[in-house]
Amino acid sequence: SSKVAMFAASALLKTQKLVYVEQILKSFHRFQHWNLNSLISLLSKIGSDAIPISRIVYLDRNENLRTRIVAAEVLKKLKDYAIADDVVEILDKETDRELLAASLRLISQVGQQKHRPIVLKLGKSPDDVIRINAVKALRQLCIDEDKTVFQQAIDDPSPWVAIQAAWGLKELGDLSFLNEMVANKHRRARLALQVMSINPELQGNT
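Worth saying up front: this structure is predicted, and the values here are computed from it rather than measured.

This part takes up the overall build of the protein chain. When helices and strands are counted, the protein chain shows 13 helices and zero strands. Beginning at the N terminus, the succession of helices and strands in the protein chain can be written as α-α-α-α-α-α-α-α-α-α-α-α-α. If you take every contact in the protein chain between residues at least 6 apart in sequence, the share linking residues at least 24 apart comes to 65%. Approximately 10900 Å² of the protein chain is accessible, and the part contributed by carbon and sulfur atoms is 50%.

What follows is the structure, given as structure tokens:
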């Protein structure tokens, strides 16, 4: 029974012993009903010792995709800065939407400005989910010249992309563009007004 195996795996992970991590990750494809956030939290509590096996699983293209996504989220939580260059390769070669989204979340945490090109490329993806995560990642890696990228993304068909773009502009200090949107009654003027009125410390996971 996969449910019995899932409870057994959960009990083992709660011991926070590294020896069980690889076995459980390799079997994770069986645990379809396991809450991902719960598993990620349990793995992350093991600490930096969980990084090496998480890297192996995340980078293995023959591994189960759901398991690789979990590994990516663990690496994000543990802030594995050394994985950044490998994440760029994943972002460049993989096609699965959920893996790309998880990888963008990872690069937003561990990446540097030199990793911007792949994020900019994915910001032009035809997939809404990938564009949202790419623009959100760019907020963490951006430089001043990325203002134009955010300005263009304000008109993205997805309102969620536009929200990330507006926050990017605010964080870069480009309030003049947001004010012009309001003054010119841009179709997303209300969004611009809302972003300008919110304290960044209160924005949470926007």
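Of all hydrophobic cores here, the largest spans 58 residues; its most connected members are Tyr58, Ile107 and Val119. Considering each element in turn, this core owes the most residues, seven residues, to helix α7 (residues 97-110).

Right, let's get into the pattern of salt bridges. Counted by the stated rule, this structure contains 15 salt bridges. Arg61 is the salt-bridge partner of Glu94, the closest N and O atoms lying 3.0 Å from each other. Of this pair, Glu94 sits in the loop between α6 (84-93) and α7 while Arg61 sits in the loop between α4 (51-59) and α5 (65-77), and the two are 33 residues apart along the sequence. Measuring nitrogen to oxygen at the nearest pair gives 2.9 Å for the salt bridge that ties Asp127 to Arg97. With Asp127 in the loop between α8 (116-122) and α9 (128-141) and Arg97 in helix α7, this residue pair connects regions lying 30 residues apart in the sequence. Here the residues in one salt-bridge network are Arg61, Arg68 and Glu94, joined through shared partners.

Turning to unusual backbone geometry, a few remarks are in order. Among all residues except glycine, the phi angle is most often negative; among peptide bonds, the trans geometry is most common. Within the chain, Lys79 stands out as a residue other than glycine whose phi angle is a positive 55°. Checked against the element boundaries, Lys79 lands in the loop between α5 and α6. With a relative accessible area of 45%, Lys79 lands in the partly exposed category. For Lys185, which is not glycine, the phi dihedral falls at a positive 55°.

As a further point, take the environment of Leu12. Mapped onto the elements of the fold, Leu12 is located in helix α1 (residues 2-13). The exposure class assigned to Leu12 is partly exposed, which follows from its relative accessible area of 30%. Taking the C-alpha atoms as reference points, Leu12 and Ile24, separated by twelve residues in sequence, lie 8.8 Å from one another. When residues no more than four places from it in sequence are discounted, the contact partners of Leu12 are Tyr20 and Ile24.

Below, the discussion takes up the side chain of Arg68. With respect to the helices, strands and loops of the structure, Arg68 is situated in helix α5. Looking at Arg68, the relative accessible area reads 1%, which means it is buried. Setting aside its immediate chain neighbours within four residues, Arg68 contacts Val57, Tyr58, Leu59, Asp60, Arg61, Glu63, Ile90, Glu94 and Leu99.

Let us look at helix α11 (residues 159-171). Taking 1.5 Å of rise per residue, the 13 residues of α11 would be expected to cover 18 Å, and the 18 Å separating its terminal C-alpha atoms lies within 8% of that figure. Residues of α11 that are buried: Val161, Ala162, Gln164, Ala165, Ala166, Trp167, Gly168, Leu169 and Lys170. Contact partners of the buried residues in α11: α9, α10 (147-153), α12 (175-183) and α13 (189-197). Among the residues trailing α11, Gly173 stands out with phi positive, at a value near 80°.

Where α12 contacts α13, the two axes come as close as 8 Å, and the packing angle between them is 135°. On the basis of their axis angle, the class for α12 and α13 is oblique. When you trace α12 past α13, the crossing you get is left-handed. Contacts between α12 and α13 involve Leu175, Leu178, Asn179, Met181 and Val182 on the former and, on the latter, Ala189, Ala192, Leu193 and Met196.

The next point concerns the environment of Ala101. Mapping Ala101 onto the fold places it in helix α7. Spatially, the C-alpha atoms of Ala101 and Ala134 are 7.9 Å apart, while their sequence positions differ by 33 residues. In this view, Ala101 contacts Val129 and Asn133; residues no more than four positions away in its chain are not counted.

Reading the values: rules and limits
- Residues numbered from 1 in each chain as written.
- Predicted model: local features only at pLDDT ≥ 70, side-chain atom pairs only at ≥ 80, totals over all residues.
- Heavy atoms only, no water.
- Helix = DSSP H or I, 4+ residues; strand = E, 2+ residues; numbered from the N terminus.
- Contact = heavy atoms within 4.5 Å.
- Areas by Shrake-Rupley, 256 points an atom, 1.4 Å probe, with all protein chains shown as cover.
- Core = buried A, V, L, I, M, F, W, Y, C linked by side-chain atoms within 4.5 Å.
- Buried < 20%, exposed > 50% of the residue type's maximum accessible area, 1.4 Å probe, protein only.
- Salt bridge = Lys/Arg side-chain N within 4 Å of Asp/Glu carboxyl O.
- Expected span 1.5 Å × (residues − 1).
- Axes fitted to C-alpha atoms, helices over the stretch in contact; angles between N-to-C directions.
- Parallel < 35°, antiparallel > 145°, perpendicular 65-115°, else oblique.
- Left-handed = near helix turned anticlockwise from the far one by under 90°.

None of the figures reported here should be taken as evidence of function without further support.
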